[in-house]
Amino acid sequence: GSRSDESVISWMNHHCWRPESQFCFLHVLPNLPPDYLSQSLDVQASLKQMEDRADLESETRQTLQRSLNHAPRLCRLPYELEVLDGNPCENILAATASRQADLLVMGSHCRTGLSRLISGSVSSQTALNARCSVVVVKHQSYYHDDSAESETYARTNEDDDLASPRVPIPKL
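Residues numbered from 1 in each chain as written. Predicted model: local features only at pLDDT ≥ 70, side-chain atom pairs only at ≥ 80, totals over all residues. Heavy atoms only, no water.

*Asks:* When you look at helix 1 (residues 3-13) in this model, what are you seeing that I'm missing?
*Replies:* For the α-helix, the turn length of 3.6 residues means that residues three or four positions removed from each other point alike. By the criterion of burial, helix 1 is predominantly enclosed, with eight of the 11 residues buried. Inspection of helix 1 places S4, D5, S7, V8, I9, W11, M12 and N13 among the buried residues, and these make up the whole buried set. (Buried < 20%, exposed > 50% of the residue type's maximum accessible area, 1.4 Å probe, protein only. Helix = DSSP H or I, 4+ residues; strand = E, 2+ residues; numbered from the N terminus.)

Shown next, in the form of structure tokens:
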């Protein structure tokens, strides 16, 4: 789990959801280079790399579960945890499509400058291509004043780009 995962869970915990709501908390681990396991001719080293990846997946799942345990409103509703490997945008879009999701709530790492240019913005790319409405939650540390609450905006499918006017979501 990451700080953006915690921000999403916190945001969701502070909103009211219908009792029939169902959630899938999805975290996508980044792609490994194609030659990751073949870089070493040593079989033991390759097995160790695979174990490390499995440990990372398990640790991510445990961190998500701990965050959810501190979200009493969400814990009472049905949810599943999923940790996937691969392209984050593709996996998130596939998961929302297969579940016929009504809403996608995702975190943002708030990258800027060169970091954003190199890594791109998963949240922007996903929001542009999602078939459902998308809420992007920024982490608190993005703001200069740590005590400031984040303002969350919704983008609907009718918006043709992220430059469209954003609609503030009222805090409940």
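Okay, back to it.
*Asks:* Can you help me understand the environment of C16 in this one?
*Replies:* Within the secondary structure, C16 sits in the loop between helix 1 and strand 1 (23-29). Judged by relative accessible area, C16 falls into the exposed class, the value being 55%. Distance from C16 to L74, taken between C-alpha atoms, is 9.3 Å for residues 58 residues apart in sequence.

*Asks:* What is the right way to look at the packing of aromatic side chains in this model?
*Replies:* Remark: the centre distance and the inter-plane angle together describe each pair of aromatic rings, the angle taken between the planes. Tallied over the entire structure, the rule returns four aromatic pairs. Pairing W17 with F23 gives two aromatic rings, centres 5.3 Å apart and planes at 80°, and the pair type is edge-to-face. For W17, a relative accessible area of 25% puts it in the partly exposed group. An aromatic cluster is built from W11, W17, F23, F25 and Y79, whose rings are joined through pairwise contacts. (Phe/Tyr/Trp six-rings, centres within 6.5 Å; stacked < 30°, edge-to-face > 60°.)

*Asks:* Can you help me understand the side chain of T126 in this one?
*Replies:* Residue position: T126 is located in helix 6 (residues 122-129). On the basis of relative accessible area, T126 is assigned to the buried category, the value being 0%. If sequence neighbours within four positions are ignored, T126 has contacts with C89, I92, L93, L104 and M106. (Contact = heavy atoms within 4.5 Å.)

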